[in-house]
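Observations on the model geometry
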Amino acid sequence: EMIKMHYSADILLGPHGAGLSNTVFMRQNASLLEIMYASGRPNQCHRVTAKRLNIRYHRVHAVVGDLQSAMVVNVTQVVLKLKHL
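In what follows, the accompanying structure is described. If you're wondering where the values come from, they're calculated on a predicted model, not measured in any experiment.

Glancing now at the pattern of salt bridges. Evaluated as defined, the whole model comprises one salt bridge. Taking the shortest distance from any N to any O, the salt bridge between Arg-27 and Asp-10 comes out at 2.4 Å. Taken together, the residues span a long stretch of sequence, with Arg-27 in the loop between β1 (11-15) and β2 (31-36) and Asp-10 in the loop between α1 (2-8) and β1 at a distance of 17 residues. Here Arg-27 falls in the partly exposed class, since its relative accessible area comes to 26%. What makes Asp-10 exposed here is its relative accessible area of 52%.

What follows is the structure in structure tokens.
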């Protein structure tokens, strides 16, 4: 079921983490929008995976938050990014 859901998705949106590993089940030319932590050097693992699978990769950064705390995002920024995918 999880594989079918990811394969049929046009867009996968989520915070950086293991859950985005399901990108491997997405079809080519789908889009991944990753929400990154507000600070620190971004981990590129999901960008690299998407590129190798011919999945369009996009990212937004949280306004606050890191690995040890909840992330807060600018919803307007996320919506604008989604409209342009």
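Looking at where Leu-82 falls in the secondary structure, it is placed in helix α3 (residues 75-83). Sequence separation between Leu-82 and Ser-69 is 13 residues; the distance between their C-alpha atoms is 25 Å. The residues contacting Leu-82, other than those within four sequence positions of it, are Ile-11, Leu-13 and Leu-33.

A few words now on the sheet that holds strand β3 (residues 56-61). The sheet built from three strands is open, its strands ordered β1-β2-β3 with parallel pairing. Because the sheet does not close on itself, it has two edges, and the strands there are β1 and β3. The mean angle between the axes of side-by-side strands here comes to 15°, regardless of whether they run parallel or antiparallel. In terms of strand pairing, β2 meets β3 through six bridges, oriented parallel. Across the sheet, the residue bridging to Met-36 is His-61, located in β3. Running over the sheet, helix α2 (residues 45-52) touches β2 and β3 and is turned about 160° from β3. Strand contacts of α3: β1, β2 and β3, with the helix running at about 165° to β3, the strand carrying the most contacts.

Our next topic: the pairing of β1. Of the two faces of β1, the one holding Leu-12 and Gly-14 is buried and the one holding Ile-11, Leu-13 and Pro-15 is not buried anywhere. As defined by bridge partners, β1 adjoins β2 across five bridges and the pair is classed as parallel. Within the sheet, the bridge partner assigned to Leu-12 lies in β2 and is Leu-32.

The rules behind each value
Residues numbered from 1 in each chain as written. Predicted model: local features only at pLDDT ≥ 70, side-chain atom pairs only at ≥ 80, totals over all residues. Heavy atoms only, no water. Salt bridge = Lys/Arg side-chain N within 4 Å of Asp/Glu carboxyl O. Helix = DSSP H or I, 4+ residues; strand = E, 2+ residues; numbered from the N terminus. Buried < 20%, exposed > 50% of the residue type's maximum accessible area, 1.4 Å probe, protein only. Contact = heavy atoms within 4.5 Å. Pairing = 2+ DSSP bridges. Axes fitted to C-alpha atoms, helices over the stretch in contact; angles between N-to-C directions.

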